[in-house]
Amino acid sequence: MTIKMYNTLTRKKEIFQPIDPKQVKMYVCGPTVYNYIHIGNARPAIVFDTIRRYLEYRGYDVKYLLNFTDIDDKIINEAKQLNEDVETLTNRFITAYKEDVGALGVRPATHHPRVTETIDEIIQFIADLIEKGFAYQVNGDVYYKTREFKNYGKLSAQPLDDLRAGARIQVDEHKKDPLDFALWKAAKQGEIAWSSPWGEGRPGWHIECSVMAKKHLGATIDIHAGGQDLTFPHHENEIAQSEARNGKKFANYWLHNGYITIDDEKMSKSLGNFVLARDLIKQYRPELIRFFMLSVHYRQPINFNDALINQSKQGFDRIVNSYQNVHYRMGSASEGDEQYQAKLLQIKDEFINEMNDDFNTANAISVLYELVKEANLAIENPEVTKASLASFLTLFDQFFSILGLNLTLQDELIDEEIDQLLVERDEARAAKNFARADEIRELLKEQSIILEDTAQGTRWKRG
Ligand SMILES: [Zn+2]
């Protein structure tokens with residue numbers, strides 16, 4: 001079963017064929033580390049982590065790079081404002097980034113290269129571009145000569161004249177064409193700087209990804225990914241630099257995730273509607289946030305507000321409860337053969353088909369609900385065997401692991417689960433399913449939960 005992915009470069013879904021049939025080289029543009037990440041930054045972290053997980057599930061050894069931009073104008077300004085050195089600032093926010101995305105189930109990359117560790121290679125790369133006639137120096141700045149690169153604009157697929165019309169030359173820039181961009185920036189007085197053949201300065205933004213990708217993954221990589229907003233100019237410029245310097249195709253598949261809006265509005269400083277990932281994690285269970293993000297296909301825009309996440313929580317709770325209930329039901333299930341093999345195999349195939357189709361997690365989650373439906377029926381089956389329930393749990397675990405949902409079975413019931421079990425017990429009694437009602441009472445007793453039936457309904461307390 002082949003994997004198909006939508007390639008921004010060709011604007012088609014293509015069958016995935018990595019250069020090495022066993023390995024995938026994947027590069028994701030990482031954050032500029034000078035503040036806490038908002039949910040817009042959390043989205044690429046989550047979706048590309050999920051794609052990585054799926055590729056690994058399919059047996060590939062995934063070399064996954066995500067860089068940290070740890071030098072840049074915004075970083076320098078922020079450090080100046082806070083009166084601290086750049087390194088202290090960036091180290092703090094790299095740690096914060098790792099904490100935030102880690103809480104959201106994002107695994108660390110194979111490697112997290114930093115720009116400040118790559119300066120020598122960047123200088124050499126720029127020198128090579130000058131030598132090949134693709135870059136020029138003006139007053140200590142070095143610019144890329146976009147007119148020299150014949151395929152400029154191939155990723156963003158817009159006429160060059162339109163791109164040129166949209167580009168601006170800032171007052172302090174000395175470039176010859178509005179589309180040219182800085183590879184090296186001369187240092188201003190008192191700024192952090194490195195020595196180079198063009199004087200003291202620091203790298204421009206785009207060059208770092210070209211150099212880090214080549215340094216750690218080689219001249220041609222399989223997948224290059226990032227937010228949709230990076231397509232132009234960032235990724236276009238990465239292609240121009242890498243292909244001009246290396247004489248080889250830079251990346252075979254370009255993946256871009258869609259935007260996040262807050263209450264249907266773009267997140268922006270002026271609207272003051274930034275939602276920080278760390279605030280959200282305090283408010284909601286991080287697995288729910290991840291589940292919410294994955295319930296929309298990664299290329300689609302996603303709207304965020306509390307009502308939508310609460311709506312998503314209903315589905316999420318159904319899944320968690322079902323999983324937990326299968327586990328509880330094990331205690332009273334009978335010995336014997338597995339009874340649901342064919343059904344579970346079919347559900348698993350459906351899930352894989354959806355993931356193969358451009359990593360359609362939205363549809364894969366619909367398949368997860370089918371598993372929930374079947375699991376809930378199996379729990380009610382008086383003859384269900386332990387072996388069958390174990391197969392259900394295995395499949396749940398596989399789906400959770402691909403989606404990066406860290407849902408392990410809890411030995412201790414949380415309040416919401418107790419409430420849920422009581423609702424289920426009332427329903428079971430109403431349906432005269434006394435066996436199930438007794439089972440729930442037993443289960444709660446094991447956990448030292450004391451039930452008290454009152455006229456207003458069942459109350460509980462911990463014993
Ligand atoms: Zn990049």
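Since the model is a prediction, treat every value here as computed from it, not as a measurement.

Reading the values: rules and limits
- Here the residue numbering is sequential within each chain, running from 1 through the sequence in written order.
- Reporting of local features is limited, given that this is a predicted model, to residues whose pLDDT is at least 70; pairs of side-chain atoms are given and counted only at 80 or more, and all residues count toward the totals for whole chains, interfaces and linings.
- In computing side-chain values, all of the structure's heavy atoms are included and hydrogens and water are not.
- Listed donors are limited to N, O and S atoms within 2.8 Å of the metal, widened to 3.2 Å for Na, K and Ca; water is not among them, so incomplete-looking sites are possible.
- Every angle between 85 and 135 degrees makes a four-donor site tetrahedral, while opposite donors more than 155 degrees apart, with all other angles between 65 and 115, make a four-donor site square planar and a six-donor site octahedral; other sites are irregular.
- We count a stretch as a helix when DSSP gives it H or I for four or more residues in a row; a strand needs E for two or more, and each element gets its number in order from the N terminus.
- Pairs of strands are assigned from DSSP output, requiring at least two bridges between the strands.
- Relative accessible area decides the class of each residue, using a 1.4 Å probe on protein chains only: under 20% of the type maximum gives buried, over 50% gives exposed, and in between gives partly exposed.
- Throughout, an axis means a line fitted to C-alpha atoms (over the contacting stretch in the case of helices), and angles, computed between N-to-C directions, take values from 0 to 180 degrees.
- Residue contacts follow a heavy-atom distance rule, with two residues in contact if any of their heavy atoms lie within 4.5 Å.
- Salt bridge, as applied in this entry: a Lys or Arg side-chain nitrogen positioned within 4 Å of an Asp or Glu carboxyl oxygen.

Draft legend 1. Focus on the coordination of the zinc ion. Those protein atoms acting as donors to the zinc ion are Cys-29 (SG), Cys-209 (SG), His-234 (NE2) and Glu-238 (OE), and they sit at 2.0 to 2.5 Å. Between the four donor atoms coordinating the zinc ion, the angles at the centre fall across 76 to 129 degrees, so the site counts as irregular. When the donors of the zinc ion are listed by position in the chain, the intervening gaps give C-x179-C-x24-H-x3-E. Here the residue Cys-29 occupies a position in the loop between β3 (23-28) and α1 (39-57), and Cys-209 occupies one in helix α6 (residues 205-217), the gap between them amounting to 180 residues.

Draft legend 2. Structural view of the pairing of strand β7 (residues 181-186). Where strand β6 (residues 141-144) and β7 come together, three bridges link them in antiparallel fashion. Bridge pairing links Val-142 to Trp-184 in β7.

Draft legend 3. Main features of unusual backbone geometry. Residue Pro-233 follows Phe-232 across a cis peptide bond; omega there is 0 degrees. Despite not being glycine, Asp-264 shows a phi value in the positive range, around 65 degrees. Locating Asp-264 in the fold gives a position in the loop between β11 (260-262) and β12 (265-266). By relative accessible area, Asp-264 is classed as exposed at 62%.

Draft legend 4. Structural detail: the sheet that holds strand β4 (residues 61-66). The strand order across the open sheet built from four strands is β4-β3-β9-β10, with neighbouring strands paired in parallel fashion. Looking at which strands have only one partner, the edges of the open sheet turn out to be β4 and β10 (251-257). Here the average twist between neighbouring strands, direction ignored, is 20 degrees. The pairing of β3 with β4 spans six bridges and is classified as parallel. Looking across to β4, one finds that Lys-25 is bridged to Lys-63. Where α1 meets the sheet, it contacts β3, β4, β9 (221-227) and β10, and its direction lies at approximately 135 degrees from that of β10.

Draft legend 5. Summary view of the pattern of salt bridges. Taken as a whole, this structure holds 32 salt bridges when the rule is applied. The closest approach of N and O atoms between Glu-121 and Lys-215, which form a salt bridge, is 3.0 Å. Placement of Glu-121 in helix α4 (residues 119-131) and of Lys-215 in helix α6 is noted, with a sequence separation of 94 residues between them. Residue class for Glu-121 comes out partly exposed when judged on its relative accessible area of 30%. On the basis of relative accessibility, which here comes to 39%, the residue Lys-215 falls in the partly exposed class. When the shortest N-O distance is used, the salt bridge between Glu-287 and Arg-285 registers 3.1 Å.

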